[in-house]
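Each chain is listed here by its residues.
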Amino acid sequence: MEKQVKLVEDKNKKVERGFTLLETVIVLLMLHIVILIFVFSFHYLIMTYNEQAFFDRFQKDVLYAQQLAIHRQTPTAIKFSPEDHKYQITAKGKVISQTFYHKDVSIYFKTLRPPITFATTGNISRAGTLHVTFQKKVYAVVFLLGRGRMYINEV
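Please read these numbers as outputs of a predicted model, since none were measured by experiment.

## Topic: unusual backbone geometry
- Of note, the amide linkage connecting Pro114 to Pro115 takes the cis form, showing an omega dihedral of -5°.
- Among the secondary structure elements, Pro115 is positioned in the loop between β4 (105-109) and β5 (116-118).
- The phi angle at His85 is positive, at roughly 55°, despite the residue not being glycine.
- Tracing the backbone shows His85 in the loop between β1 (76-81) and β2 (86-91).
- If you check the backbone angles, Lys92 has positive phi at about 55° while not being a glycine.
- Looking at where Lys92 falls in the secondary structure, it is placed in the loop between β2 and β3 (94-100).
- A relative accessible area of 71% places Lys92 in the exposed class.

The structure is reproduced here in structure tokens:
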């Protein structure tokens, strides 16, 4: 009698040995979707970082060129090489600093004529605007007369 009860219990127990193929495919599909979301948002973050890094570096370099002109009592210029994706800070014809920027950044001079020159007093020689294009966004970098004042607006 005891053997019969045990056999009935064994037949009623469901034997689970692992996951079904369908369960495994569903889990892998969900994992794939999460990874895709992460990759696309990470790409956006990288592009935003590159954009912000360019403007931060450019503002610091403009301030550096201005301070260099005052400190050395020598006119200082920022010269652009758009085909090489770089600009240089020069004084007395010597390259003081060289900065390379991201290949997706394009610089176009509008009312400002290159190079951007600072006098020995730190004042910019000509006011004007240059446009910076990055990933279909256009920014106007406006240089005002006076002590190297500039601001950046999205166009």
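## Digging into the sheet that holds β4
- Spatial ordering of the open sheet is given by β4-β6-β7-β8, a layout of four strands whose pairing is antiparallel. The sheet is open, and its two edges are formed by β4 and β8 (150-154), each paired on a single side. Each neighbouring strand pair of the sheet contributes to a mean axis angle of 25°, computed without reference to strand direction.
- Against the sheet, helix α2 (residues 21-72) touches β4, β6 (128-134), β7 (137-143) and β8, its axis set at about 10° to β7.

## As for the environment of His131
- Within the fold, His131 resides in strand β6.
- With 20 residues separating them in the primary sequence, His131 and Thr111 have C-alpha atoms 9.6 Å apart.
- Aside from chain neighbours lying at most four places away, what touches His131 is Ser106, Ile107, Tyr108, Lys110, Val138, Tyr139, Ala140 and Val155.

## A short note on the environment of Ile152
- Within the fold, Ile152 resides in strand β8.
- Each C-alpha atom, one on Ile152 and one on Gln59, is 9.5 Å from the other, the two residues being 93 residues apart in sequence.
- Not counting chain neighbours up to four residues away, the residues in contact with Ile152 comprise Phe55, Gln59, Tyr139, Ala140 and Val141.

## A closer look at the sheet that holds β2
- Strand order in the open sheet formed by four strands is β3-β2-β1-β5, and the pairing between neighbours is antiparallel. Among the strands making up the open sheet, the edge pair consists of β3 and β5. Within the sheet, the average angular offset between the axes of one strand and its neighbour, ignoring direction, is 20°.
- Taken together, the six bridges between β1 and β2 define a ladder with antiparallel strand orientation. Directly across from Thr76, in β2, lies its bridge partner Ala91.
- Seen against the sheet, α2 touches β1, β2, β3 and β5 and runs at an angle of roughly 10° to β2.

## Focus on the nonpolar core
- Counting residues in hydrophobic clusters, the biggest one holds 26 residues, and the most contacted among them are Phe54, Phe58, Ile78, Ile116, Leu130 and Phe143.
- Where this core is concerned, the elements lending two or more residues are α2, β1, β2, β4, β5, β6 and β7.
- Residue contributions to this core peak at eight residues, all from α2.

About the thresholds
- Residues numbered from 1 in each chain as written.
- Predicted model: local features only at pLDDT ≥ 70, side-chain atom pairs only at ≥ 80, totals over all residues.
- Heavy atoms only, no water.
- Helix = DSSP H or I, 4+ residues; strand = E, 2+ residues; numbered from the N terminus.
- Buried < 20%, exposed > 50% of the residue type's maximum accessible area, 1.4 Å probe, protein only.
- Pairing = 2+ DSSP bridges.
- Axes fitted to C-alpha atoms, helices over the stretch in contact; angles between N-to-C directions.
- Contact = heavy atoms within 4.5 Å.
- Core = buried A, V, L, I, M, F, W, Y, C linked by side-chain atoms within 4.5 Å.

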